[in-house]
Structure formats: structure tokens, C-alpha cells
Amino acid sequence: EKYPGCLLHRTAINDVARVEHRTFICTSKKEDAGPTNNWMAPADAYDKVGRLFDGSMKGRTMYVIPYIMGPVGSPFSKVGVELTDSSYVVLNMRIMTRMGDVAWKQLGDSPDFVKGLHGKAQIDEENRYIMHFPEDKTIWSVNSGYGGNVLLGKKCFALRIASHMARQEGWMAEHMLILGIEDPEGRVEYVTGAFPSACGKTNLAMLIPPAYAKGYRVWTVGDDIAWMRPGEDGRLWAINPESGFFGVAPGTSMKSNPNALLTTRRNTIFTNVVHTEDNGVWWEGMGVPPPARGIDWKGNPWTPESPEKGANPNSRFTAPASQCPCISPEWENPAGVPISAILFGGRRARTAPLVYQSFDWNHGVFVGATMASETTAAAAHAIGVVRRDPMAMLPFCGYNMGDYFRHWLEMGERIRRKPLIFNVNWFRTDDGGKFIWPGFGDNFRVLRWILDRCDGKVDAVETPIGYVPKAEDIDLTDLEGFTLEDLRGILTIDADLWQEEIKGIEEYFAKFDHLPGELRSQLDALKKRFGI
Ligand code: OXD
Ligand code: MN
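These lines cover the structure that appears in this document, whether it is placed above or below. Remember, predicted model here, so these are calculated numbers, not experimental data.

A few words on helix α10 (residues 443-454). If you check α10, its first and last C-alpha atoms are 17 Å apart, about what twelve residues at 1.5 Å a residue would give, namely 16 Å. Within α10, ten of the twelve residues are buried, leaving the element largely enclosed by the surrounding structure. Inspection of α10 places Asn-443, Phe-444, Arg-445, Val-446, Leu-447, Trp-449, Ile-450, Leu-451, Asp-452 and Arg-453 among the buried residues, and these make up the whole buried set. Gly-456 lies just past α10 and shows a positive phi near 65°.

Listed below in C-alpha cells is the structure:
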């Protein structure tokens, strides 16, 4: 009664996250995997992982999961079949994809589907492998039972294999949310956005506009992945290939993301959260008091006094997108939605202003290719270290990242009515390390400026890094405790910091043997604009 149709699941304690160091792109030529991916020769990978599969499913049930990534009947959609010995995978795939007869029907007699094989084996960390064979449209995953490693439709297919297909077929598979903003006249414009992990992608996708913005609504089309292709009208059209959300639970509350929380009230799988005595779930940052007693994610008795967190920091909910209160009426439109703007962003304490617009598509590709986040205390890295994550695709690009940049540049030539490209940074901090911009629903104020730029309604200030808003053009109505001066402060560009940034980009670019000359020219032009 409390959570109808829901399921609680605990993974093995050594199996709670994606394993990038055990994720491989297996192409005939090493250079096709590029400098940012692990590579193994296909024959070696099939042999090595084949041995791990041998006999590992004895006595288990084999599930055959036919599934579609993308709306049923959409020209964007692709079919996959996953074989697995995990009922958890079946139940998750049932939420995250369109699975079952619809997929067989869509496939018909065609042999063109992505072949996925997953086995839990012994959940042995030392022998865990997530193998991608883009040339064979095949994925093999062994020794894990955790989401991103085993729901093969998601990161493995919809990003790594799909990015490879997209390059060959002339479209784009991106790690992006898709949202629509409806104005009081009922006109809806769509935006996609790529952000590295822990930058609030799901929150932005489900944003609730502030009270002052009467008549505006934000509609969610997707929170993680966008497949995009140019339409006959010359615009770029996007679909969400998934049909559910595999969201991080901790920090999801009625304050941070009410729409996500409301989505998870039924038909949801909770993984690695606290099980409460009254048969409910709880996690840190849920915005409600912890239960006096519960069972933690490891299956041990837990109380709020316990030294360890009750929910794993990467605990998840798997929830049907159709249950989201702000799901877009267009989210399953086979034609997708037309994109007006593409956002890139990361966590930068000082370097990047709240928002800026790139000068044009190629400059936007440069902005995406050089995007980065600074590590926070929460991450297991030194604080303040800049980690570059181009287009938030570092762990998900299924081929050479230099060639991926070239594909973006080439797509720019094919899209006649190009989306404008922006960079946003919700995370500028003051001297005490406190976030200056309120974020969450107030990010709507920035989205409105972005759409005003797309519609040619406001001008902007030209700076060496791009077009920055005039402070007066961002609506601060009812934003208590935040002044125009504060806004001016987070729109500034510090030339000294950018000198450092440019050095960092130079070092970063040196890693890429396939770097397109255009990106070097963009860097030179940036230096010139700073007088370097
Ligand atoms: C995710 C991720 O789970 O990007 O979506 O790691
Ligand atoms: Mn993601």
C-alpha cells in the first residue's frame, strides 16, 4: 500500500557503481578506441571473457530480453536483445526500455539488432569486464549485477555502441537531458544539456519554474541520453531512447526535485537504499527524518546513530518516465522534438561565468570539448582538481574522442538551422566556498535568457570567451537575498584564471592524436582574444 508495485534490491557490496577501468572498446585497430578508452583486440576480449562465461550460468534461468531504444515505430529507434541470468536486469530493463513483443515486431526479419550478453558469474571484481564490440554491435558484461554495467540498453548501447553507429550513419548519440519550456502563450522550445555526473542533470530536467514565472512550465523529455538527427526542416531533432529514469536517490527530496520523488511512489525499483521498519525506503537527503531503525544498504541493522550512511551514495531509483508529473506530452513522439539550444556545463568555482553563449557552432564544439568540473570534497580525488569531461562523454564515447570532435564539427555542416550552444555554471563560490547562485528552480531564470537569445530578443556583451548576459537581462524577480551586484559578480571573467585554463586546455589537447585542426584554431583564437 505504501509503495505499490515497488521492489527493494541490494547489490553485492563490491558492486555499487560503473567500472570505467574495466570497461573496454574492442575494435580491430587500437587507434579507433582512442586515447580516452581502454582497448582490447576483439579476439582477445571474446576469448578472455568467453572463458569467464563458460559454465557460469549453470543451473540459472536464462532470460531473453528483446527491447527497443527509442519510441515504438520511430525512425530514430534501434532494437537490442539482451541475454541475462539476472531477474533484476529483466525488471529494470522493463522500466528503462520498451521491451517484449513490441521489440520483436519492430525488428521483424531484420538481423540488425545489438547483441547483449550479461552474466552475474561470481560478481567477482577482479574478473569484472564490460566489453563493447562496436564493429559487431555486440556487448558482453560479466561479474557485475549493478545498473550501468548490466542494463545493457543504457550506457553500453545507447551511448557507446550508438555513438559509433551515429558517426557512421550521420546522427548524434549524446549524454544529454532534454527538456521543453512552455511560455504563457503555449509555445514550447526544447533544450538539451550535457553535464558530468553530480552536476544536477536530473534536477534540471525536472525543474519547477519559480513562482514569479506565471504561465511557464518545464516539461521533461529525458534526463540522461539524447539521440539527435537533422530533420527535413533543417533543425536538429532529439528523442530520449529510454523509457525510465535510473536516478541517484541520495539528495532527492521534495525540495531538490519533487517531480523525481513523485515519480518514484509506485512501480519503482529501489537499489541500495535504507529499508524502513514500516516497509518503506529512506536515503540521506530525502528531506524527511530518518527512521528510528532500518536495514542499511548492506543488509545490516541501522539507526541514525550508526557511523555509516544508511543508503549507498550511489543508491538508485528505477522509475517509469510516464509517471513523472512533468513528463512532456511529446516525450514519445516518434519524430522527436526540435532543439533550440544545447547546454554544456560543469562545476567551476571561479573560472566560468553563470552562462555564456558560444560565437558559433564550431566555437560551441570547442566549449563542449574543453568542458570540465572541479573535484569536490565528496569525490575521492584531491579538491579543486580540474577534470576534463568533453561533452560529458568521457566514459561513454564508443570510439576515438578526436574523431568524435570531428563528427560534431561535421554535423554542424549538416544542420542548416543549428541550435545555439551555451555553457552554464551553477557552481560559482564565494571566498568562504559557498555557492553564490541559488540553483535548482532558479536556473529557470538562466534558461529564459538562453531562449531569449535563441529568439533574438536580447543582446549580450561580447567577451573573449563568448557572449555573456547583461546583468539586467536575467530576471531576478522575487529572488530574495540575491542582488544585481551578486549577479554581476558571477558573470565576470578573470583573465588570470583563463590564462591557467588555456594552459590546461593545451595540455589536454596534447593527448589527442586525432584532434581536428579546427579545435586547435579555436584555441589559438581564444588565446588571441585574451592577448596571449
Ligand atoms: C548515470 C551516469 O548513471 O552518468 O547516468 O553515471
Ligand atoms: Mn548519465
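Around ligand 1 lies a shell formed by Arg-18, Lys-155, His-175, Asp-224, Arg-316 and Phe-396. His-175 places a side-chain nitrogen or oxygen 3.2 Å from an oxygen atom of ligand 1. Here an oxygen atom of ligand 1 sits 3.0 Å away from a polar atom, N or O, in the side chain of Arg-316. Within the complex, the protein chains bury 85% of what would otherwise be the 210 Å² of accessible surface of ligand 1. The residue makeup of the shell around ligand 1, split by class, is one nonpolar, one polar and four charged.

Contact geometry of helix α8 (residues 361-369) with helix α13 (residues 517-529) gives a least axis separation of 10 Å together with a crossing angle of 90°. Considered as vectors, α8 and α13 are oriented roughly perpendicular to each other. The residues of α13 that touch α8, namely those facing Asn-362, His-363, Val-365, Phe-366 and Ala-369, are Glu-518, Leu-519, Gln-522, Leu-523, Leu-526 and Arg-529. Classifying every residue of the contact of α8 with α13 by side-chain character gives six nonpolar, three polar and two charged.

With that out of the way, let us pick up the sheet that holds strand β17 (residues 269-271). If you trace the four strands from one edge of the open sheet to the other, you get β1-β17-β22-β16, paired in mixed fashion. Only two strands of the sheet have a single neighbouring strand rather than two, namely β1 (7-9) and β16 (244-248). Neighbouring strand axes in the sheet, compared pairwise and without regard to direction, differ in orientation by 15° on average.

A few words on the packing of aromatic side chains. As enumerated under the stated definition, the model contains 25 aromatic pairs in all. Between Tyr-46 and Phe-133, the ring centres sit 3.9 Å apart and the planes meet at 10°, which makes this aromatic pair stacked. Here Phe-133 lies in strand β8 (residues 129-133) and Tyr-46 lies in helix α1 (residues 42-53), a separation of 87 residues in the sequence. In this structure Phe-133 comes out as buried when scored by relative accessible area, which is 1%.

What follows covers the nonpolar core. Of all hydrophobic cores here, the largest spans 138 residues; its most connected members are Phe-157, Trp-227, Phe-344, Leu-354, Trp-408, Trp-437 and Leu-487. By residue number, the principal contributor to this core is helix α5 (residues 153-169), which donates eight residues. Residues in contact with Leu-354, not counting those within four places in the same chain, are Asn-423, Val-424, Asn-425, Trp-426, Trp-437, Val-446, Ile-474, Leu-487, Ile-490 and Leu-491. Of all hydrophobic cores here, the second largest spans 13 residues; its members include Cys-26, Met-40, Ala-45 and Ala-121.

Let us now look at the packing of helix α12 (residues 495-509) against α13. Where α12 meets α13, the closest approach of the two axes is 11 Å, and the angle between their N-to-C directions is 160°. Judged on the interaxial angle alone, α13 and α12 are roughly antiparallel. Note that α12 runs across α13; the crossing there is left-handed. On α13, the residues touching Trp-498, Ile-502, Ile-505, Glu-506 and Phe-509 of α12 are Leu-519, Arg-520, Leu-523, Leu-526 and Lys-527. Looking at the contact of α12 with α13 residue by residue, the classes come out as seven nonpolar, no polar and three charged.

What counts and what doesn't
- Residues numbered from 1 in each chain as written.
- Chains lettered and ligands numbered in written order.
- Predicted model: local features only at pLDDT ≥ 70, side-chain atom pairs only at ≥ 80, totals over all residues.
- Heavy atoms only, no water.
- Helix = DSSP H or I, 4+ residues; strand = E, 2+ residues; numbered from the N terminus.
- Expected span 1.5 Å × (residues − 1).
- Buried < 20%, exposed > 50% of the residue type's maximum accessible area, 1.4 Å probe, protein only.
- Near = heavy atom within 4 Å.
- Polar contact = N/O pair within 3.5 Å; in protein donor to acceptor, adjacent residues only side chain to side chain.
- Areas by Shrake-Rupley, 256 points an atom, 1.4 Å probe, with all protein chains shown as cover.
- Nonpolar A, V, L, I, M, F, W, Y, C, P; charged D, E, K, R; others polar.
- Axes fitted to C-alpha atoms, helices over the stretch in contact; angles between N-to-C directions.
- Parallel < 35°, antiparallel > 145°, perpendicular 65-115°, else oblique.
- Contact = heavy atoms within 4.5 Å.
- Pairing = 2+ DSSP bridges.
- Phe/Tyr/Trp six-rings, centres within 6.5 Å; stacked < 30°, edge-to-face > 60°.
- Core = buried A, V, L, I, M, F, W, Y, C linked by side-chain atoms within 4.5 Å.
- Left-handed = near helix turned anticlockwise from the far one by under 90°.

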